[in-house]
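The primary structure of each chain is shown beneath.
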Amino acid sequence: MAGHDHTVNRQPAAPDIARATYDDTAIYSRGAFHSMKDGRVAKRQKPALVQEATAKLRELILTREPETQIGSLNEVAQMLGVGIVTVQQAARILEHEGLLAVRRGPGGGYYGIRPDEAALQRSLAAYMRVHGFGYREALEMISLLDCEIIPAAALCRDPDLRKAMEALSKRLDHCDTDEQRIACETELRKLLYKMVSRPLVEFLTGVTGNLYKREASDPIFPGDEGVAAWKTSKRRIVQAILAGDAELSRFEAERYRQQVLVRLRASTE
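Just so it is clear, the structure is predicted and the values come from calculations on it, not from any experiment. (Residues numbered from 1 in each chain as written. Predicted model: local features only at pLDDT ≥ 70, side-chain atom pairs only at ≥ 80, totals over all residues. Heavy atoms only, no water.)

Draft legend 1. Layout of the nonpolar core. Ranked by size, the top nonpolar core spans 32 residues in total, and within it Met165, Leu192, Met195 and Ile241 carry the most contacts. Those elements that provide at least two residues to this core are helix 5 (135-153), helix 6 (159-171), helix 7 (178-195), helix 9 (223-242) and helix 10 (246-268). Among the elements that line this core, the one with the most residues is helix 5, at seven residues. Once residues within four sequence positions are removed from consideration, Leu192 is found in contact with Ile149, Ile150, Ala153, Met165 and Ile241. Of all hydrophobic cores here, the second largest spans 16 residues; its members include Val87, Ala91, Leu94 and Tyr110. (Core = buried A, V, L, I, M, F, W, Y, C linked by side-chain atoms within 4.5 Å. Buried < 20%, exposed > 50% of the residue type's maximum accessible area, 1.4 Å probe, protein only. Helix = DSSP H or I, 4+ residues; strand = E, 2+ residues; numbered from the N terminus. Contact = heavy atoms within 4.5 Å.)

Draft legend 2. Structural detail: the packing of aromatic side chains. The final tally for this structure, using the stated rule, is one aromatic pair. Look at Phe221 and Tyr256: their rings are 5.8 Å apart centre to centre, the planes differ by 10°, and that puts the pair in the stacked class. Of this pair, Phe221 sits in the loop between helix 8 (199-215) and helix 9 while Tyr256 sits in helix 10, placing them 35 residues apart in sequence. Look at Phe221 and you get buried, because its relative accessible area is 6%. For Tyr256, a relative accessible area of 9% corresponds to the buried category. Between the NZ or CZ atom of Arg103 and the centre of the ring of Tyr111, over which it lies, the distance is 4.5 Å. Between the NZ or CZ atom of Lys234 and the centre of the ring of Tyr256, over which it lies, the distance is 4.2 Å. (Phe/Tyr/Trp six-rings, centres within 6.5 Å; stacked < 30°, edge-to-face > 60°. Lys NZ or Arg CZ within 6 Å of the ring centre and 35° of its normal.)

Draft legend 3. Fine view of the sheet that holds strand 4 (residues 68-71). Reading across from one edge, 4-6-5 is the order of the three strands in this open sheet, with antiparallel pairing throughout. With partners counted over all chains shown, the strands left at the sheet margins are strand 4 and strand 5 (100-103), one partner each. Neighbour to neighbour, the strand axes of the sheet diverge by 35° on average, direction disregarded. Summarising the sheet, strand 5 and strand 6 (residues 109-112) pair through four bridges and their orientation is antiparallel. Within strand 6, the residue paired with Leu100 across the bridge is Gly112. (Pairing = 2+ DSSP bridges. Axes fitted to C-alpha atoms, helices over the stretch in contact; angles between N-to-C directions.)

Draft legend 4. Representation of the pattern of salt bridges. Scanning the entire structure with this criterion turns up 12 salt bridges. Two residues, Asp146 and Arg189, come together in a salt bridge whose shortest N-O distance is 2.7 Å. Of this pair, Asp146 sits in helix 5 while Arg189 sits in helix 7, and the two are 43 residues apart along the sequence. Assessed through its relative accessible area of 5%, Asp146 is described here as buried. The partner of Lys231 in a salt bridge is Asp176, and the shortest N-O contact between them spans 2.6 Å. You can see Lys231 sitting in helix 9 and its partner Asp176 sitting in the loop between helix 6 and helix 7, a full 55 residues away along the chain. With a relative accessible area of 47%, Asp176 lands in the partly exposed category. (Salt bridge = Lys/Arg side-chain N within 4 Å of Asp/Glu carboxyl O.)

Right, here's the structure in full:
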(Lines give C-alpha, C1' and ligand atoms only; values in the text may rest on other atoms or scores of the structure.)
Protein backbone atom coordinates (compact mmCIF):
# COMPACT_ATOMS: atom_id res chain seq x y z
CA MET A 1 0.00 0.00 0.00
CA ALA A 2 1.30 3.39 -1.05
CA GLY A 3 2.77 5.43 1.79
CA HIS A 4 2.79 2.44 4.12
CA ASP A 5 6.06 1.56 5.76
CA HIS A 6 6.92 -2.07 5.00
CA THR A 7 9.49 -3.94 7.09
CA VAL A 8 11.28 -6.70 5.17
CA ASN A 9 12.68 -9.67 7.11
CA ARG A 10 16.36 -10.10 6.19
CA GLN A 11 19.04 -12.62 7.13
CA PRO A 12 21.84 -11.20 9.30
CA ALA A 13 24.60 -9.69 7.23
CA ALA A 14 27.50 -12.01 6.46
CA PRO A 15 30.61 -11.24 8.46
CA ASP A 16 33.34 -9.28 6.78
CA ILE A 17 35.72 -12.12 6.01
CA ALA A 18 38.43 -9.64 5.06
CA ARG A 19 38.62 -8.68 8.72
CA ALA A 20 38.15 -12.12 10.18
CA THR A 21 41.07 -13.94 11.69
CA TYR A 22 41.27 -17.67 12.08
CA ASP A 23 43.69 -20.11 13.54
CA ASP A 24 44.47 -22.84 11.05
CA THR A 25 42.40 -25.26 13.07
CA ALA A 26 39.24 -23.16 12.99
CA ILE A 27 37.17 -24.49 10.10
CA TYR A 28 37.00 -27.96 8.60
CA SER A 29 34.68 -29.16 5.88
CA ARG A 30 34.73 -32.85 4.90
CA GLY A 31 38.43 -33.15 5.65
CA ALA A 32 39.33 -29.93 3.85
CA PHE A 33 41.04 -27.08 5.64
CA HIS A 34 40.04 -23.43 5.31
CA SER A 35 42.13 -20.47 6.45
CA MET A 36 42.05 -16.73 6.00
CA LYS A 37 44.70 -15.23 3.77
CA ASP A 38 44.68 -11.85 2.01
CA GLY A 39 40.95 -11.50 2.57
CA ARG A 40 40.10 -14.80 0.91
CA VAL A 41 39.17 -18.21 2.21
CA ALA A 42 41.97 -20.51 1.17
CA LYS A 43 41.29 -24.23 0.98
CA ARG A 44 44.08 -26.68 1.74
CA GLN A 45 44.19 -30.32 2.60
CA LYS A 46 45.07 -30.74 6.26
CA PRO A 47 47.43 -33.71 5.70
CA ALA A 48 49.42 -31.69 3.18
CA LEU A 49 49.73 -28.81 5.65
CA VAL A 50 50.96 -31.10 8.41
CA GLN A 51 53.48 -32.74 6.05
CA GLU A 52 54.77 -29.34 4.98
CA ALA A 53 55.12 -28.18 8.59
CA THR A 54 56.83 -31.45 9.51
CA ALA A 55 59.34 -31.08 6.69
CA LYS A 56 60.16 -27.50 7.69
CA LEU A 57 60.54 -28.37 11.36
CA ARG A 58 62.71 -31.39 10.50
CA GLU A 59 65.05 -29.14 8.51
CA LEU A 60 65.21 -26.66 11.39
CA ILE A 61 66.26 -29.47 13.71
CA LEU A 62 68.86 -30.98 11.38
CA THR A 63 70.56 -27.63 10.74
CA ARG A 64 71.21 -27.18 14.47
CA GLU A 65 73.29 -29.04 17.01
CA PRO A 66 71.55 -31.80 18.99
CA GLU A 67 69.86 -30.70 22.23
CA THR A 68 69.32 -27.19 20.81
CA GLN A 69 66.07 -25.52 21.79
CA ILE A 70 63.97 -24.75 18.73
CA GLY A 71 61.43 -22.65 20.63
CA SER A 72 58.16 -22.79 22.49
CA LEU A 73 54.96 -24.08 20.89
CA ASN A 74 53.85 -20.57 19.96
CA GLU A 75 57.31 -19.58 18.74
CA VAL A 76 57.56 -22.64 16.49
CA ALA A 77 54.05 -22.00 15.16
CA GLN A 78 55.11 -18.45 14.28
CA MET A 79 58.33 -19.66 12.64
CA LEU A 80 56.46 -22.15 10.49
CA GLY A 81 53.51 -19.84 9.77
CA VAL A 82 50.91 -22.33 10.98
CA GLY A 83 48.64 -22.82 13.96
CA ILE A 84 49.52 -24.60 17.16
CA VAL A 85 47.50 -27.74 16.43
CA THR A 86 49.41 -28.25 13.18
CA VAL A 87 52.69 -27.83 15.08
CA GLN A 88 51.55 -30.36 17.66
CA GLN A 89 50.73 -32.90 14.95
CA ALA A 90 54.08 -32.32 13.23
CA ALA A 91 55.84 -32.65 16.60
CA ARG A 92 54.26 -36.06 17.21
CA ILE A 93 55.63 -37.29 13.87
CA LEU A 94 59.13 -36.02 14.65
CA GLU A 95 59.03 -37.44 18.18
CA HIS A 96 58.31 -40.82 16.61
CA GLU A 97 61.28 -40.31 14.26
CA GLY A 98 63.48 -39.61 17.27
CA LEU A 99 64.27 -36.06 16.16
CA LEU A 100 62.26 -34.01 18.63
CA ALA A 101 61.78 -33.87 22.39
CA VAL A 102 59.02 -31.81 24.02
CA ARG A 103 60.07 -30.62 27.46
CA ARG A 104 57.95 -28.81 30.02
CA GLY A 105 58.70 -26.57 32.93
CA PRO A 106 61.40 -23.87 33.18
CA GLY A 107 63.50 -23.90 30.05
CA GLY A 108 61.00 -26.13 28.35
CA GLY A 109 59.90 -26.13 24.74
CA TYR A 110 60.79 -28.04 21.60
CA TYR A 111 64.32 -29.47 21.44
CA GLY A 112 66.04 -31.08 18.48
CA ILE A 113 67.64 -34.43 19.22
CA ARG A 114 69.06 -37.34 17.24
CA PRO A 115 67.52 -40.80 16.93
CA ASP A 116 69.01 -43.74 18.78
CA GLU A 117 70.89 -45.95 16.31
CA ALA A 118 69.80 -49.20 17.94
CA ALA A 119 66.15 -48.15 17.76
CA LEU A 120 66.55 -47.24 14.09
CA GLN A 121 68.15 -50.59 13.33
CA ARG A 122 65.29 -52.41 15.06
CA SER A 123 62.71 -50.42 13.10
CA LEU A 124 64.42 -51.05 9.77
CA ALA A 125 64.92 -54.74 10.55
CA ALA A 126 61.20 -55.03 11.38
CA TYR A 127 60.31 -53.29 8.10
CA MET A 128 62.55 -55.65 6.15
CA ARG A 129 61.02 -58.71 7.78
CA VAL A 130 57.48 -57.47 7.12
CA HIS A 131 58.35 -57.14 3.44
CA GLY A 132 59.89 -60.59 3.17
CA PHE A 133 63.53 -59.54 3.41
CA GLY A 134 65.17 -62.68 4.81
CA TYR A 135 68.69 -63.78 5.63
CA ARG A 136 69.48 -64.60 2.00
CA GLU A 137 68.70 -61.05 0.89
CA ALA A 138 70.63 -59.81 3.92
CA LEU A 139 73.71 -61.77 2.87
CA GLU A 140 73.44 -60.44 -0.68
CA MET A 141 73.29 -56.87 0.62
CA ILE A 142 76.23 -57.33 3.01
CA SER A 143 78.43 -58.69 0.23
CA LEU A 144 77.42 -55.81 -2.02
CA LEU A 145 78.23 -53.19 0.63
CA ASP A 146 81.58 -54.87 1.21
CA CYS A 147 82.48 -54.18 -2.43
CA GLU A 148 82.51 -50.48 -1.52
CA ILE A 149 84.06 -50.45 1.92
CA ILE A 150 86.86 -52.99 1.38
CA PRO A 151 88.60 -51.02 -1.42
CA ALA A 152 88.37 -47.86 0.70
CA ALA A 153 89.96 -49.69 3.64
CA ALA A 154 92.97 -50.49 1.47
CA LEU A 155 93.75 -46.76 1.39
CA CYS A 156 93.96 -46.52 5.19
CA ARG A 157 97.50 -45.91 6.45
CA ASP A 158 96.85 -45.93 10.20
CA PRO A 159 99.69 -48.10 11.63
CA ASP A 160 97.70 -49.41 14.60
CA LEU A 161 94.76 -50.48 12.44
CA ARG A 162 97.04 -52.13 9.92
CA LYS A 163 98.79 -54.00 12.74
CA ALA A 164 95.39 -55.22 13.97
CA MET A 165 94.56 -56.36 10.43
CA GLU A 166 97.84 -58.30 10.26
CA ALA A 167 97.00 -60.04 13.54
CA LEU A 168 93.59 -60.95 12.19
CA SER A 169 95.19 -62.37 9.03
CA LYS A 170 97.22 -64.81 11.14
CA ARG A 171 94.09 -66.07 12.88
CA LEU A 172 92.17 -66.92 9.71
CA ASP A 173 93.71 -70.37 9.27
CA HIS A 174 92.56 -71.35 12.75
CA CYS A 175 88.89 -70.45 12.25
CA ASP A 176 87.55 -73.99 11.99
CA THR A 177 84.24 -73.69 13.85
CA ASP A 178 81.19 -71.59 13.05
CA GLU A 179 81.73 -69.58 16.26
CA GLN A 180 85.34 -68.81 15.34
CA ARG A 181 84.39 -67.70 11.83
CA ILE A 182 81.58 -65.49 13.13
CA ALA A 183 83.96 -63.90 15.65
CA CYS A 184 86.53 -63.33 12.89
CA GLU A 185 83.93 -61.80 10.57
CA THR A 186 82.76 -59.50 13.37
CA GLU A 187 86.29 -58.35 14.17
CA LEU A 188 87.08 -57.81 10.48
CA ARG A 189 83.99 -55.66 10.10
CA LYS A 190 84.84 -53.57 13.15
CA LEU A 191 88.31 -52.97 11.74
CA LEU A 192 86.89 -51.97 8.36
CA TYR A 193 84.63 -49.36 9.97
CA LYS A 194 87.57 -47.93 11.89
CA MET A 195 89.61 -47.73 8.72
CA VAL A 196 86.80 -46.13 6.69
CA SER A 197 84.20 -43.65 7.87
CA ARG A 198 81.02 -44.79 6.11
CA PRO A 199 78.22 -44.36 8.68
CA LEU A 200 75.40 -45.32 6.33
CA VAL A 201 77.16 -48.45 5.08
CA GLU A 202 77.98 -49.42 8.66
CA PHE A 203 74.37 -48.87 9.70
CA LEU A 204 72.92 -50.93 6.85
CA THR A 205 75.44 -53.70 7.35
CA GLY A 206 74.59 -53.81 11.04
CA VAL A 207 70.89 -54.20 10.27
CA THR A 208 71.36 -56.88 7.64
CA GLY A 209 74.02 -58.67 9.68
CA ASN A 210 71.74 -58.97 12.70
CA LEU A 211 68.91 -60.15 10.47
CA TYR A 212 71.17 -62.79 8.92
CA LYS A 213 72.39 -64.10 12.30
CA ARG A 214 68.83 -64.32 13.62
CA GLU A 215 67.27 -66.09 10.63
CA ALA A 216 70.08 -68.10 9.00
CA SER A 217 69.55 -71.83 9.39
CA ASP A 218 72.22 -73.44 7.20
CA PRO A 219 75.79 -72.15 6.77
CA ILE A 220 76.51 -70.69 3.36
CA PHE A 221 79.99 -72.32 3.37
CA PRO A 222 79.24 -75.83 4.70
CA GLY A 223 81.64 -78.73 5.19
CA ASP A 224 85.39 -78.87 4.83
CA GLU A 225 85.24 -77.57 1.26
CA GLY A 226 83.16 -74.60 2.32
CA VAL A 227 85.41 -73.73 5.26
CA ALA A 228 88.48 -73.90 3.02
CA ALA A 229 86.81 -71.65 0.42
CA TRP A 230 85.82 -69.14 3.11
CA LYS A 231 89.37 -69.04 4.52
CA THR A 232 90.89 -68.55 1.07
CA SER A 233 88.49 -65.70 0.19
CA LYS A 234 89.00 -63.86 3.47
CA ARG A 235 92.76 -64.29 3.31
CA ARG A 236 92.85 -62.78 -0.18
CA ILE A 237 90.72 -59.84 0.91
CA VAL A 238 92.83 -59.10 3.99
CA GLN A 239 96.10 -59.43 2.07
CA ALA A 240 94.84 -57.03 -0.62
CA ILE A 241 93.93 -54.49 2.06
CA LEU A 242 97.34 -54.84 3.71
CA ALA A 243 99.00 -54.40 0.30
CA GLY A 244 97.22 -51.02 0.03
CA ASP A 245 95.84 -52.00 -3.37
CA ALA A 246 92.31 -50.64 -3.74
CA GLU A 247 91.70 -52.19 -7.16
CA LEU A 248 92.82 -55.64 -6.03
CA SER A 249 90.72 -55.26 -2.89
CA ARG A 250 87.66 -54.47 -4.98
CA PHE A 251 88.37 -57.44 -7.24
CA GLU A 252 88.64 -59.81 -4.26
CA ALA A 253 85.49 -58.39 -2.63
CA GLU A 254 83.54 -58.82 -5.87
CA ARG A 255 84.92 -62.33 -6.36
CA TYR A 256 83.78 -63.25 -2.86
CA ARG A 257 80.34 -61.78 -3.59
CA GLN A 258 80.02 -63.96 -6.68
CA GLN A 259 80.86 -67.03 -4.58
CA VAL A 260 78.15 -66.06 -2.11
CA LEU A 261 75.56 -65.61 -4.86
CA VAL A 262 76.43 -68.95 -6.47
CA ARG A 263 76.16 -70.75 -3.15
CA LEU A 264 72.86 -69.04 -2.35
CA ARG A 265 71.40 -70.14 -5.69
CA ALA A 266 72.69 -73.68 -5.22
CA SER A 267 71.12 -73.95 -1.77
CA THR A 268 67.65 -73.18 -3.20
CA GLU A 269 67.78 -75.67 -6.07
